[in-house]
Structure formats: C-alpha cells, structure tokens
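Structural features, examined
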Amino acid sequence: MSGRLTQTLADLDIPLSIEDLELAFVHRSYAYEHGGLDTNERLEFLGDSVLGVVVTDHLYRAHPDLSEGQLARIRSAVVNSRALASVARGLSLGQLVKLGKGEEATGGRDKNSILADTTEALIGAIYLGAGRDAAERFVRKLFDPLAEHAATLGAGLDWKTSLQEQTSLAGLPVPHYTIVADGPDHAKSFEASVHIGDLTFGPGTGTNKKDAEQDAAEQAFAVIKKLADKAAATD
C-alpha cells in the first residue's frame, strides 16, 4: 500500500481508493502468468493522451512568450520516460505494480519504462474513475513543477546540454564523463563523474548510463552556474 499515493488523492479531493485504481498496476507480465488477465496498457494509452493535453495547455498559458518549438521541447522534457518514472518514485508506485516473476527478478519495480507506463495508466484510471477535472488536478500537482523546472534549462532541456552551454559561456573546457558500473547484469547500477578541465563533479548515480550522467551533470551545473553568477555580480 502506498501511503504517498493515498495522501495525494486525499489532498486533491479525488474520491478513489487504490483498490479502485487496481487495473492501473497490472503489468502485462503478471497478466500473462495469471491466465491472460486484463493489463494496464489501454489505461496507459488513455493516460498518455490526458497527460499530453494537460501539460500542453499549462505550458501554452504559462509561457506566452515561447515559440512552438520551445514549448514542444519543454513538453518533451516533462512527459519523457525519465520524468514519468521520477513521479512514480515520488508516489512509491513501484511497490504497487503487479509483475510477473521474470520482471520481479530483474528489478522491474525500479525500471524507468515500467514506472513511466504505470504513471500514465494511473492518470488514465483517474480520468475514467473520477473525471477530467480530477485527472487534471492530479497532473498539475505532479507535473507543473517539472514543467517550470524544464523551462529554466538550456536549449536542449537536459542537464548535459545545459552544462555544456554553461561551461562554454564561462570559457571552460568541454565536459567529459567517466562511468563505473556495478552489480549483476540484471540489476546493474552506474556511477558517472563529469570532468571539466581540472575539476571533477559527482558521482551521479542511476540505473543506466544516461541517468547517471544526467545526475552528475546536474551537480556540476549547479556549481558552475553559481560561480558564473558570482563572477558576473562582481564585474
């Protein structure tokens, strides 16, 4: 039972219990092993559309000065697998997902793809069970902060691109990354360090190389930008 999800539903006055949302957590691997039960894939399809509409509407209204291309890049940063999985982890959805034995054994409860799909299915289930307004409240609560954060990043809307832009502005060398992997093949973890001249930042961590590099880049970006802002203030 996820207390975080229950509390979020209560805070948003969405009259659904986790039992009402049960289908949203049925992964196809579990359904296959239990005689062909219904899966959460249709709900995922619905939730993906609901999420896209709500996020697009928010960005359009909140950023009247941005072009279509800029809005599209921000939306992509908000509704991608990594962002959706982050929301899922914040709600502890991984503990609610029903998985087959194979997915369970290979760390499926923390896979970005499964967590992202579950988040979309949950949004679809809320839309069906409590209506459009409730689904919009849920999405706005969880994704508006991601949208506003994405709007502060650079043109690429990811930490690695933003760090490269920041180091270029500061006249620093181009960042490069080193990766260390640990653990068995089915449950590897990664640590990334980012090197900028003589400076090293990290380690960033993740369940894949990309996420580890993004984590390290975020740490470096915060320091480099702070130093750049301080230098600008003294000019």
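Everything below is about the structure printed above this text.
Definitions and cut-offs
- Residues numbered from 1 in each chain as written.
- Predicted model: local features only at pLDDT ≥ 70, side-chain atom pairs only at ≥ 80, totals over all residues.
- Heavy atoms only, no water.
- Helix = DSSP H or I, 4+ residues; strand = E, 2+ residues; numbered from the N terminus.
- Buried < 20%, exposed > 50% of the residue type's maximum accessible area, 1.4 Å probe, protein only.
- Areas by Shrake-Rupley, 256 points an atom, 1.4 Å probe, with all protein chains shown as cover.
- Lys, Arg positive; Asp, Glu negative; His and termini not counted.
- Charge placed at Lys NZ, Arg CZ, Asp CG, Glu CD.
- Salt bridge = Lys/Arg side-chain N within 4 Å of Asp/Glu carboxyl O.
- 1 Å grid on protein atoms, 1.4 Å probe; cavity = no way out; pocket = protein on both sides within 12 Å on 5 of 7 lines; lining within 4 Å.
- Points joined across faces, edges and corners; volume = space filled by probe spheres on them.
- Nonpolar A, V, L, I, M, F, W, Y, C, P; charged D, E, K, R; others polar.
- Pairing = 2+ DSSP bridges.
- Axes fitted to C-alpha atoms, helices over the stretch in contact; angles between N-to-C directions.
- Contact = heavy atoms within 4.5 Å.
- Polar contact = N/O pair within 3.5 Å; in protein donor to acceptor, adjacent residues only side chain to side chain.
- Parallel < 35°, antiparallel > 145°, perpendicular 65-115°, else oblique.
- Left-handed = near helix turned anticlockwise from the far one by under 90°.

Let us now look at the overall build of the chain. For the chain, the count of helices and strands is ten helices and three strands. Each helix and strand of the chain, placed in order from N terminus to C terminus, yields the pattern α-α-α-α-α-α-α-α-α-β-β-β-α. Principal axes of the C-alpha set define a box for the chain whose edges measure 65 × 50 × 30 Å. Counting only residues that meet the buried cut, the chain has 40% of its 235 residues in that class. Carbon together with sulfur atoms contributes 52% to the accessible area of the chain, which is approximately 12600 Å² in total. For the chain, the distance from the average position of its 23 positive side-chain charges to the average position of its 34 negative side-chain charges is 1 Å.

Next up on the list: the pattern of salt bridges. Tallied over the entire structure, the rule returns eight salt bridges. For Lys111, the salt bridge is made with Glu103, and the minimal N-O distance between the two is 3.0 Å.

A word on empty space enclosed by the protein. Empty space left among the atoms is revealed by rolling a probe the size of a water molecule over them. Evaluation of the coordinates by the stated rule reveals one cavity of 30 Å³ or more. Here the largest cavity is characterised by a volume of approximately 50 Å³. Of all the elements in the fold, those that place two or more residues in the lining of the largest cavity are helix H3 (41-62) and helix H7 (112-130). Broken down by element, the residue count for the lining of the largest cavity peaks at three residues, all from H7. Classifying every residue of the lining of the largest cavity by side-chain character gives two nonpolar, three polar and four charged.

Turning to the sheet that holds strand S2 (residues 189-196), a few remarks are in order. Pairing between sheet strands relies on hydrogen bonds along the backbone, with the strands arranged either parallel or antiparallel. The antiparallel open sheet is built from three strands, whose spatial order is S1-S2-S3. The open sheet has two edge strands, strand S1 (176-182) and strand S3 (199-206), and neither has a second partner. Each strand axis lies, on average, 20° off the axis of its neighbour in the sheet, ignoring direction. Looking at chain direction, S2 and S3 are connected through six bridges and run antiparallel. Within the sheet, the bridge partner assigned to Phe190 lies in S3 and is Gly206.

Along the polypeptide, Tyr60 turns up in helix H3. Judged by its relative accessible area of 62%, Tyr60 falls in the exposed class.

Along the chain, the position of Ile179 falls in strand S1. For the pair Ile179 and Glu19, spaced 160 residues apart in sequence, the C-alpha to C-alpha distance is 42 Å. Setting aside residues up to four positions removed in sequence, Ile179 forms contacts with Phe190, Glu191, Ala192, Lys209 and Glu213.

Quick look at the side chain of Thr167 now. Positionally, Thr167 belongs in helix H9 (residues 159-169). Within the structure, the side chain of Thr167 is placed 2.9 Å from the backbone oxygen of Gln164, a separation counted as a polar contact.

A separate point is the packing of helix H5 (residues 81-90) against helix H8 (residues 132-150). Orientation of H5 relative to H8, taken along the N-to-C sense of each, is 135°, at an axis distance of 11 Å. Between H5 and H8, the angle falls in the class oblique. When you trace H5 past H8, the crossing you get is right-handed. Two secondary-structure elements touch here, H5 through Ala83, Leu84 and Val87 and H8 through Leu142, Phe143 and Leu146. Classifying every residue of the contact of H5 with H8 by side-chain character gives six nonpolar, no polar and no charged.

This part takes up the packing of helix H4 (residues 68-78) against H8. For the pair H4 and H8, interaxial distance at closest approach is 9 Å and the crossing angle is 130°. Here H8 runs oblique to H4, going by the angle between their axes. In this structure, the crossing between H4 and H8 has a hand that is right-handed. Of the residues in H8, those in contact with Ile74, Ala77 and Val78 of H4 are Phe143, Leu146, Ala147 and Ala150. Taken together, the residues of the contact of H4 with H8 sort by class into seven nonpolar, no polar and no charged.

The quantities given are spatial measurements derived from coordinates; they are silent on function.
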